[in-house]
Amino acid sequence: MNTVKTQATRIAVLLALVALVLGAVYLGLRGDNEQSIETEAPATHTVAVGEQAPHFTALDSQGQPVDSDAFAGRTWLVFNATWCASCRSEIPEIQQLAERPDVEVVAIYLKENTAQVRDFAEKLDLTYTQVPDANGEISAAYGMNSVPAHVLIEDGEVTYLKTGALRASDITDVLGE
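All values derive from a computational prediction rather than experimental measurement. (Residues numbered from 1 in each chain as written. Predicted model: local features only at pLDDT ≥ 70, side-chain atom pairs only at ≥ 80, totals over all residues. Heavy atoms only, no water.)

## Here we look at the overall build of the protein
A tally of helices and strands in the protein yields six helices and eight strands. Starting at the N terminus and walking to the C terminus, you meet the elements of the protein as α-β-β-β-β-α-α-β-α-β-α-β-β-α. Burial statistics for the protein: of 177 residues in total, 40% are counted as buried. Of all intrachain contacts in the protein linking residues separated by at least 6 positions in sequence, the fraction that spans at least 24 positions is 66%. Approximately 9,800 Å² of the protein is accessible, and the part contributed by carbon and sulfur atoms is 55%. (Helix = DSSP H or I, 4+ residues; strand = E, 2+ residues; numbered from the N terminus. Buried < 20%, exposed > 50% of the residue type's maximum accessible area, 1.4 Å probe, protein only. Contact = heavy atoms within 4.5 Å. Areas by Shrake-Rupley, 256 points an atom, 1.4 Å probe, with all protein chains shown as cover.)

## Quick look at the packing of aromatic side chains
Tallying each qualifying case throughout the model produces five aromatic pairs. Arranged with centres 5.6 Å apart and planes meeting at 50°, the rings of Phe 79 and Tyr 142 form a pair that is tilted. Residue Phe 79 is found in strand β4 (residues 74-80), and its partner Tyr 142 is found in helix α5 (residues 137-142); the two are separated by 63 residues along the sequence. Phe 79 sits in the buried class, given a relative accessible area of 1%. Judged by centre distance (5.9 Å) and plane angle (75°), the rings of Tyr 109 and Phe 120 are edge-to-face. Of this pair, Tyr 109 sits in strand β5 (residues 104-110) while Phe 120 sits in helix α4 (residues 114-123), and the two are eleven residues apart along the sequence. You'll find Tyr 109 and Phe 120 in the same group, each marked buried. Ring-pair connections join several aromatic residues into one group, and the members of that group are Phe 56, Phe 71, Phe 79 and Tyr 142. (Phe/Tyr/Trp six-rings, centres within 6.5 Å; stacked < 30°, edge-to-face > 60°.)

## Observations concerning the environment of Lys 162
You can see Lys 162 is positioned in strand β8 (residues 157-163). Residues Lys 162 and Ala 149 lie 13 residues apart in sequence; the distance between their C-alpha atoms is 5.7 Å. What Lys 162 contacts, discounting residues up to four positions off in sequence, is Ala 149, His 150 and Asp 170.

## Describing the pairing of β5
Counting buried residues along β5, six of its seven residues qualify, which places the element largely inside the surrounding structure. As paired elements, β4 and β5 share six bridges and run parallel to each other. Counterpart to Val 78 in the pairing with β5 is Ala 107. Bridge analysis of β5 against strand β6 (residues 129-133) gives five bridges, and the strand direction is parallel. For Val 106, the partnering residue across the bridge sits in β6 and is Thr 129. (Pairing = 2+ DSSP bridges.)

Here it is in structure tokens:
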């Protein structure tokens, strides 16, 4: 009888530990996805060339604030995801674009958390700004529901939109050399 009680106690303790670990993992992942993002555009709006770019504030993958009102001159937004093969194939072109002095590049990661984005960017040595969009709020403000997608903002106005992967020649055609 004592052996049965001892085994039942061990099983209960083990189940309690498993529940605690699973709860901690859930809260850790959930907390990482609850980044505060603010946008001013309606969630159903699709941005168009000639419109003012929707405003947003968020934290980048390093925890630094990103405010779209601070974008000066040309800013290239690339909406992507770490799991997207087309997104990954265009990274050399986007990294090269980010090295240009006349344009700022900001990557928005649709439905991905900070840890995923930070690990991805570090693994690939990306030097441009990486913004997790865990709840899809920024993407929704721009009407972006597929990746990759590109938006060029010049002095606050959308001047270029493209859904799908880019080639280096596409960037050259839009920005010139």
